[in-house]
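# Breakdown of the fold
So the chains spell out like this:
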Amino acid sequence: MINHIDLSTVLRRTVCDLYSDLVTRPTGAAVRDGIEKQLSELGDRSLTVIDFSHVGLLDYSCADEIVAKLLMRYAEASAPRDAYFLFRGVSDSHLDAIETVLERHNLAIVAQAEDGTVVLVGTIEDPERRAWEAMSRLGRAMAVDLAREAGIAPEQVERVLGALCRRRLAMELDGGYVVVGAVT
Amino acid sequence: MTTVINLPPSLDERTFETVLEQLAPIPIDEKVLLDGRHTRWASPYGLTALLTVAQTRAEKPALVSPESEETGSYWARTGFFKHAEDLFEMHGAVHRARASGESDVLLEITSVAKSEDVHEVVGRIQQKSASILVKELNIDAKATMGFAMTLSEACQNIVEHAGRGGWVAVQTYRWQKRLGRRVVVIAVCDAGVGFRQSLESAQGRRMSDRWDDGMALEEAVIRGVSRFRDPGRGQGLAGVRRYIGRWDGKLSVRSGTARIAIVPSWDEDVPLEEKLPPFPGAQMQITIPERITDR
């Protein structure tokens, strides 16, 4: 199930209806709570578009509370549900804050550009990046095909794909693998 | 008994030390009178630090406002008197704000105590700063968001760590003597617990043998250490450092008896000063110079 969350709406609903900037930790924590409330109403498995299009400023503290903490929570084995995220409407200035916090926590996200293409942002090792890019080219693909396309040894590919899924960058679908964002 | 403290003719980050030197031996419950009659100029740091001094005194201090109408008018334009009237017993001329072309107050002196105040500050600075940063300081339009981010993180330092409210002000002016260029200056001052005490409050934190205000500043400003165990903390000041590095700016932070600075090539400041006269809380100044473009 694909869910859409407009961050500026969550901000106005959870913090103050006059705000358009995502600044300060308490604001970020309140917005993350708002996102998690919406996620709790979805099924066990979901893909959520987190939309920054109408957000003015995003500072480091808010990026940490919203993006990093959300990802870390759902990448844990104890995550409340199998949730994936696609980040949309991310401007250059948002990216500055987001990249900084992703680097700090060794995280990565999938961001969707205006033309609909998806890109990886953040910290990612080379085999993971190659596997993700191969998946992006092939669409839904089996592990063996991805190993061939990405030039990864067959005995290593399951580990690499497992890491991509754990990090919420790819998902298993009908016995194959697909990048987050390919199914929107 | 009231002790008279003379304010220097030019009240800025450096000369404010003379004020603190005069204050150092005076018990906080003793009355002081800050004499600003001969002060002709004050930076955002000077004005916000003055308000901060008042917060540190148990006995309400007195302040004599500048004799110069031009100076008094500028202080009024920054919103200084609005706050000073609550914190000081005011003496001397009552000044009103007059328009002036030479200095631009981007953000009046604003009280910062809670998250909502940071939203307010960020909203106001974005409206006012974008065109000035681009047209007068030749700073890339994209960087104006970074400027607001920097301001946000600097203010959050008060909300998250000071334990009491502080002050922020932003102004642009021509720094003729030192630089011959325009600069935009952010000053953020509070009279809270300061960096050393804030880091000491971290659970399970082990202090080294040399643990003092200077080391606390090095930990927080250079190494991004925070009192919180959350590994996401400490990114705010790191972000401020990155921004000033990108725009050849200067960052200085004073806390307790020490002051640390990230010094650009155009300035001759020292990276760390210790054994300064004590000043509770934390005082930060960020200076971004006009960008020289090839024409």
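A brief look at the structure comes next. (Residues numbered from 1 in each chain as written. Chains lettered and ligands numbered in written order. Predicted model: local features only at pLDDT ≥ 70, side-chain atom pairs only at ≥ 80, totals over all residues. Heavy atoms only, no water.)

This part takes up the overall build of chain B. Along the backbone of chain B there are nine helices and 13 strands. On C-alpha atoms alone, chain B measures out to a radius of gyration of 18 Å, which is about the 19 Å that the 2.2 N^0.38 rule sets for 295 residues. Overall size of chain B, expressed as C-alpha extent along the three principal axes, is 55 × 50 × 35 Å. Relative to its full complement of 295 residues, chain B shows a buried share of 59%. Excluding contacts between residues fewer than 6 apart, the proportion of contacts in chain B whose partners are at least 24 apart in sequence is 70%. Entry remark: accessible area of chain B is about 12,600 Å², with carbon and sulfur atoms responsible for 49%. Once the 38 positive and 40 negative side-chain charges of chain B are each reduced to a mean point, those two points are 3 Å apart. (Helix = DSSP H or I, 4+ residues; strand = E, 2+ residues; numbered from the N terminus. Rg over C-alpha atoms; globule rule 2.2 N^0.38 Å. Buried < 20%, exposed > 50% of the residue type's maximum accessible area, 1.4 Å probe, protein only. Contact = heavy atoms within 4.5 Å. Areas by Shrake-Rupley, 256 points an atom, 1.4 Å probe, with all protein chains shown as cover. Lys, Arg positive; Asp, Glu negative; His and termini not counted. Charge placed at Lys NZ, Arg CZ, Asp CG, Glu CD.)

Here the focus is the nonpolar core. In this structure, L22 and F52 of chain A are the most contacted members of the largest nonpolar core, which totals 83 residues. When sequence neighbours within four positions are dropped, the list of residues in contact with F52 of chain A reads L7, L22, L58, V67, F87, R88, G89, V90, H94 and I98 of chain A. In this structure, I5, L47, A49 and F279 of chain B belong to the second largest nonpolar core, which totals 34 residues. (Core = buried A, V, L, I, M, F, W, Y, C linked by side-chain atoms within 4.5 Å.)

To continue, consider the packing of aromatic side chains. Residue and element names in this part refer to chain B. What the rule picks out here adds up to nine aromatic pairs over all chains. Geometrically, the ring pair formed by F16 and Y45 is edge-to-face, given 6.3 Å between the ring centres and 80 degrees between the ring planes. Taken as a pair, F16 in helix α1 (residues 16–23) and Y45 in helix α2 (residues 44–56) lie far apart in primary sequence, 29 residues in all. Take F16 and Y45: they sit in the same class, and that class is buried. (Phe/Tyr/Trp six-rings, centres within 6.5 Å; stacked < 30°, edge-to-face > 60°.)

All right, on to unusual backbone geometry then. All names here are of chain A. Even without glycine at this site, T24 takes up a positive phi of about 80 degrees. With respect to the helices and strands, the residue T24 is situated in the loop between α1 (7–14) and α2 (25–40). A residue is classified by how much of its surface remains accessible, and T24, at 1% relative accessible area, is buried. For D174, which is not a glycine, the phi torsion comes out positive at approximately 50 degrees.

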